[in-house]
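Structural description and commentary
If you want the building blocks of each chain, they are given just below.
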Amino acid sequence: MIYVVAILCVLGLAIGQILFKTSSLALAQAGTFFNLRVMIALFAAMFLYGITSIAWVWVLQRIELGRVYPLMALAFVLVPIGSHFIFGERFQLQYFVGVVFIVFGIFVAVRA
């Protein structure tokens with residue numbers, strides 16, 4: 001259960017990053033923070049970060065930081081994947097090689 005919540009925290013942070021990017025694009029288009037699209041995306045990202053932080057504290061009450069923190073590296077995989085599907089960003093083969101190393105490293109670190 002603790003690892004499920006930890007992974008949900010990582011997902012929340014990744015989605016928050018996508019929302020921050022969405023707000024930055026809306027800001028560039030609108031030219032002001034007082035635009036409804038900018039504010040909705042920005043506040044949604046901050047709200048999600050807040051909820052995720054509270055959940056992360058709950059996780060840390062129940063497990064050692066060193067055992068669960070490697071899961072945070074999943075954000076380095078999830079955010080670019082999300083940016084590909086949502087913003088159309090493209091990646092080179094080296095990115096996918098790096099993803100394999102990250103996932104393998106997470107697996108090794110969590111199993112230790």
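Our structure's up above, just so we're on the same page.
Residues numbered from 1 in each chain as written. Predicted model: local features only at pLDDT ≥ 70, side-chain atom pairs only at ≥ 80, totals over all residues. Heavy atoms only, no water.

**Let's talk about the overall build of the chain**
Looking only at helices and strands, the chain has five helices and zero strands in total. Dimensions of the chain along its principal axes, counting C-alpha atoms only, are 50 × 35 × 15 Å. Burial status across the chain gives 28% buried among its 112 residues. For the chain, the share of sequence-separated contacts (at least 6 apart) that also reach a separation of at least 24 residues comes to 69%. When the accessible area of the chain is evaluated, it comes to approximately 7,500 Å², of which 75% is carbon and sulfur surface. (Helix = DSSP H or I, 4+ residues; strand = E, 2+ residues; numbered from the N terminus. Buried < 20%, exposed > 50% of the residue type's maximum accessible area, 1.4 Å probe, protein only. Contact = heavy atoms within 4.5 Å. Areas by Shrake-Rupley, 256 points an atom, 1.4 Å probe, with all protein chains shown as cover.)

**Some points on helix α1 (residues 2-30)**
The end-to-end C-alpha distance of α1 is 41 Å, a good match for the 42 Å that 29 residues give at a rise of 1.5 Å each. Every buried residue of α1 is listed here: Val5, Ala6, Cys9, Val10, Gly12, Leu13, Ala14, Gly16, Ile18, Ser23 and Ala26. Packing partners of the buried residues in α1 comprise α2 (36-62), α3 (65-68) and α4 (75-87). Glycine 31 sits one or two residues past α1 and shows a positive phi near 80 degrees. (Expected span 1.5 Å × (residues − 1).)

**Brief notes about the environment of leucine 48**
Summarising the element assignment, leucine 48 is placed in helix α2. Residue classification places leucine 48 among the partly exposed residues on the basis of a relative accessible area of 23%. Those residues in contact with leucine 48, other than ones at most four positions away along the chain, are Gly12, Ile15, Gly16 and Leu19.

**Re the side chain of serine 83**
Mapped onto the elements, serine 83 comes out in helix α4. Owing to a relative accessible area of 7%, serine 83 belongs among the buried residues under this scheme. In this structure, serine 83 is in contact with Ile18, Gly88, Glu89 and Phe91, ignoring residues within four places of it in sequence.

**Observations regarding the nonpolar core**
Membership of the largest hydrophobic core comes to 13 residues, with the highest contact counts inside it found for Ala6, Trp56, Val59, Val68, Leu71 and Met72. Residue assignment for this core shows that the elements contributing at least two residues are α1, α2 and α5 (93-111). Sorting elements by how many residues they give to this core places α1 first, with five residues. (Core = buried A, V, L, I, M, F, W, Y, C linked by side-chain atoms within 4.5 Å.)

**Points about α5**
With 19 residues, α5 extends 28 Å between its outermost C-alpha atoms, agreeing within 8% with the 27 Å of an ideal straight helix rising 1.5 Å per residue. Taken together, the buried positions of α5 are Tyr95, Val99, Ile106 and Val110. Projected down its long axis, α5 shows its buried positions confined to an angular sector of 45 degrees, all on one face. Summarising the geometry of α5, the exposed residues directed more than 90 degrees from the buried face are Leu93, Gln94, Val100, Phe101, Phe104 and Arg111. Those residues of α5 hidden inside the fold are in contact with α1, α3 and α4. (Arc of directions from axis to C-beta.)

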